Every structure is written in C-alpha cells, then in structure tokens.
Amino acid sequence: MNWNFLKTEIEPGDFLIDCRSQSAYEEETLEGAYYYPFIKKAFGSDPESQKKLYGPMTAVVQEFQKSKKSRIIVFDEGMGMFSTRMVYLLRGMGIKDAYVLGQKWPATGNKAKGELKVEPPIADKVKPIEGVVDKAFMERNLTKLQIFDARTMEEYEGRLPRLTAPEEGTLCGRLPGAFLWDWRNLYDGEANLIERSLFKKRLNGFPFMPERPTVIYDYNGARSCLLALMLREAGYIDITTYQGSWFEWRKSSLPKQAVAVFGAKQGAAAAPRVGGVDRKKV
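Residues numbered from 1 in each chain as written. Predicted model: local features only at pLDDT ≥ 70, side-chain atom pairs only at ≥ 80, totals over all residues. Heavy atoms only, no water.

Asker: I'd love a proper account of the nonpolar core, names of residues and values included.
Answerer: Grouped together as the largest cluster of nonpolar side chains are 56 residues, with contacts concentrated most on Ile-17, Met-86, Leu-90 and Phe-199. Elements with a contribution of two residues or more to this core: β2 (14-18), α2 (47-67), β5 (71-75), α3 (81-92), β6 (98-101), α6 (196-203) and α7 (223-233). With 7 residues, α7 is the single largest residue contributor to this core. Setting aside residues up to four positions removed in sequence, Leu-90 forms contacts with Ile-17, Met-57, Val-60, Val-61, Ile-72, Val-74, Ile-95 and Ala-98. Counting 18 residues, the second largest nonpolar core, distinct from the first, contains Leu-145, Leu-175, Tyr-217 and Phe-247. (Core = buried A, V, L, I, M, F, W, Y, C linked by side-chain atoms within 4.5 Å. Buried < 20%, exposed > 50% of the residue type's maximum accessible area, 1.4 Å probe, protein only. Helix = DSSP H or I, 4+ residues; strand = E, 2+ residues; numbered from the N terminus. Contact = heavy atoms within 4.5 Å.)

Asker: Can you break down the sheet that holds β5 residue by residue, with the values?
Answerer: Taken in spatial order, the 5 strands of this open sheet run β1-β6-β5-β2-β4, and their pairing is parallel. Every interior strand has two partners, whereas the edge strands, β1 (6-7) and β4 (34-35), have only one. Taken together, the 5 bridges between β2 and β5 define a ladder with parallel strand orientation. If you follow Asp-14 over to β5, its bridge partner there is Arg-71. (Pairing = 2+ DSSP bridges.)

Asker: Give me the packing of α6 against α7: which residues, what numbers.
Answerer: Put simply, α6 and α7 touch, their axes get as near as 10 Å, and they point 90° apart. Between α6 and α7, the interaxial angle falls into the category roughly perpendicular. Contacts between α6 and α7 involve Arg-196, Phe-199 and Leu-203 from the first element and Leu-227, Met-230, Leu-231 and Glu-233 from the second. Of the residues belonging to the contact of α6 with α7, the class tally is 5 nonpolar, no polar and 2 charged. (Axes fitted to C-alpha atoms, helices over the stretch in contact; angles between N-to-C directions. Parallel < 35°, antiparallel > 145°, perpendicular 65-115°, else oblique. Nonpolar A, V, L, I, M, F, W, Y, C, P; charged D, E, K, R; others polar.)

Asker: Mind laying out the pairing of β5, listing which residues take part and the relevant values?
Answerer: For β5, the tally of buried residues reaches 5 of 5 residues, placing the bulk of the element in the interior. Alternating residues of β5 divide into Arg-71, Ile-73 and Phe-75 and Ile-72 and Val-74, and every residue in both groups is buried. Relative to β6, β5 runs parallel, the two sharing 3 bridges. Paired with Val-74 across the bridge in β6 is Val-100. In terms of handedness, the path from β5 via α3 over to β6 forms a crossover that is right-handed. (Right-handed = clockwise from strand over helix to strand, strands pointing away.)

Asker: Talk me through the pairing of strand β9 (residues 146-149); I want residue IDs and the actual numbers.
Answerer: Moving residue by residue along a regular strand, the side chains alternate between the two faces of the sheet. With burial as the criterion, each face of β9 is covered, one bearing Gln-146 and Phe-148 and the other bearing Ile-147 and Asp-149. As defined by bridge partners, β9 adjoins strand β11 (residues 179-180) across 2 bridges and the pair is classed as parallel. Along β11, the bridge assignment pairs Asp-149 with Leu-180.

Asker: With reference to specific residues and values, describe the sheet that holds β11.
Answerer: The strand order across the open sheet formed by 5 strands is β8-β13-β12-β9-β11, and the pairing between neighbours is parallel. The sheet is open, and its two edges are formed by β8 (132-133) and β11, each paired on a single side. Strand direction decides the pairing type here: β8 and strand β13 (residues 239-242), joined by 2 bridges, are parallel. Residue pairing across strands places Val-132 opposite Thr-241, the latter belonging to β13. Strands β9, β12 (214-217) and β13 of the sheet are contacted by α7, whose axis makes an angle of about 175° with β13.

Asker: Hey, could you go over the UniProt feature "domain: Rhodanese" (unreviewed entry) in the chain for me, with residue numbers and the actual values?
Answerer: UniProt's feature table lists "domain: Rhodanese" (unreviewed entry) at residues 10-117 and 141-258, given in the numbering used throughout. Between the C-alpha atoms that bound residues 10-117 the distance is 20 Å, and the span itself is 36% helix and 19% strand. End C-alpha to end C-alpha, residues 141-258 measures 20 Å, and it is 25% helix and 17% strand. (UniProt positions renumbered as here; feature names shortened; annotations may be inferred.)

Asker: Provide a residue-level description of the domain arrangement of the chain, including the pertinent values.
Answerer: As far as domains go, the chain holds domain 1 (6-112) and domain 2 (132-262). Centre-to-centre, using C-alpha coordinates, domain 1 lies 22 Å away from domain 2. Residue-level contacts link 23 residues of domain 1 with 26 residues of domain 2. For the pair domain 1 and domain 2, the summed buried surface comes to about 1,800 Å²; carbon and sulfur atoms form 61% of the total. Looking only at domain 1, the three residues that lose the most surface to domain 2 are Ser-45, Met-81 and Tyr-88, adding up to 36% of its buried area. Summed over the shared surface of domain 1 and domain 2, the result is 0 salt bridges. (Domains from an automatic or database assignment. Buried area = accessible area lost by both parts, 1.4 Å probe. Salt bridge = Lys/Arg side-chain N within 4 Å of Asp/Glu carboxyl O.)

Asker: Talk me through the state of the cysteines; I want residue IDs and the actual numbers.
Answerer: Applying the stated rule across the entire model yields 0 disulfides. Here Cys-225 stays free of any disulfide, with the sulfur of Cys-19 as its closest cysteine sulfur at 11 Å. Here Cys-225 falls in the buried class, since its relative accessible area comes to 2%. (Disulfide = S-S within 2.5 Å.)

Asker: Break down the packing of α2 against α3 for me, citing the residues and quoting the values.
Answerer: Orientation of α2 relative to α3, taken along the N-to-C sense of each, is 80°, at an axis distance of 10 Å. In terms of axis orientation, α2 runs roughly perpendicular to α3. Taken together, the residues of α3 that come into contact with α2 (itself represented by Leu-53, Met-57, Val-60 and Val-61) are Met-86, Leu-89 and Leu-90. Taken together, the residues of the contact of α2 with α3 sort by class into 7 nonpolar, no polar and no charged.

Given below as structure tokens:
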C-alpha cells in the first residue's frame, strides 16, 4: 500500500488517536490513545457549525503540541472514513506529520482500556481549515468545479439519503454535475486500500484535469477525506472537501439532481456518471 499518508508501524514518540466506536475504545485500545467523539459527527458549513468543528480540532492540535511528540498516528477498524477524516483535518490545521495507521484492528502494540476520551469546547472564533470549503463557496463556483461524489451508487442515484439508518421522508439526490466514485471501490477484496498505481489508472476514466479545482463531498464530510488524500498524492493540485456535504445541501434551495423522497414511489433513475471502477461491469 504505497501511500505516503499511511504508516504501518507505531513508534514510541507517536501521539495516538482512536477513531473507532466509543464502546470499542473503552473496552480496549492502543495504550495512550485518545478518543475524540466529535470526529464522527456531521457538520454544516455555516458559522456556528464551523465553530463546533474548529474548536475540537484546535484542542487536538494543542494537546499534540503539549505532548512534545513527533507525529500523530490515527487509527480505526482499518484505514476507514473517520481516521482519514481526522488526518485530513489535522493536515488542514497545519500538522503535516499526521498519518493513518495502515493496519486493521487489532493493531500491533500494547493494549489498555481507553480512558482518554476528550470532549473539546466549541470555538468562539474560527479560521479557515485548509482544504475545506463551505456552502457559499460551492454556490458561487458550482459550474466551475470538478465534483466527485464519494457516496454509494444508491445514494448517488437518489435511492437512499444516506448509507446507514436512512429515515423515511428524507430528501435523496446529489449535487449537479457530480461524478460518482463509490468510496468502497478505494479498497480491494481484503479491505486494504488499493495500490496507488491502480488508483491512478482508474483516474484515467474521468475527464478531469489535475490542475482544475476539484471538490469532493459525501453525506457528512467523512468519506470524502480518504479520496482527497489519495487524489493529492496522485497529482491533483487543487483538492478540497465540502464540509456540509449532502447533509447540508439537501436542506437548501440550491440545484440538485436525481431528487427523490426516501420511502416515496420513485421513477427510473438516470444513468450515473461513474468512475473508479471498470465501466463494463457497471
């Protein structure tokens, strides 16, 4: 797995963050690992929502700096959405030595019950996080952007509002002009990330240009961060994620495609603009 944002070994000077469930963390985690519940939440991109994200991220950075440790290693069940989200945001906050642990749980290392759960405060003021854009940016630039949808085919086609626990009556759909790259296709059959060479080969299936502004979204801003990390290493220069994602966009009056109400009778879905997989199999 030749990705620079992955580290396969843990060193004594590492600051560890566990992004699995709280119950799993409390039962057993890597010794000394922290748990930050906010990383699993959905955030809008309005000023108040930004404070709820920026405050905890600032607290994580401050705790790391206070520890005097050399780098941050983040893990979950296996190179998944929440560990990559934490790493992406940490890098956006200026912590370049933040990495995802390239192991599946149970990871190698000393184990202990998790006791370092932290509920950081909400910020009074916010600063932009590098690589993260808001709804206002999307509205201004929608027709100028290359957009990846990192959700599943069912969400993209407007059949599900979200992958887990969809609620009847919730609006389904996608952002206009978005290409689908189902984040599950970033993994091989053994749940390891695909090799960078294979990823770059699949990128050739998109009519995108690496130098053009590219925005990635999903439902709550988590799955998109893995694709963003991979695209940056593949040579895409201007990569950002849309913090509010479909969680926020669906509530707005802004343009949408493949719109449907979950649980209501639906017509035939339009053919998706798909990438990241063999088109002959779609």
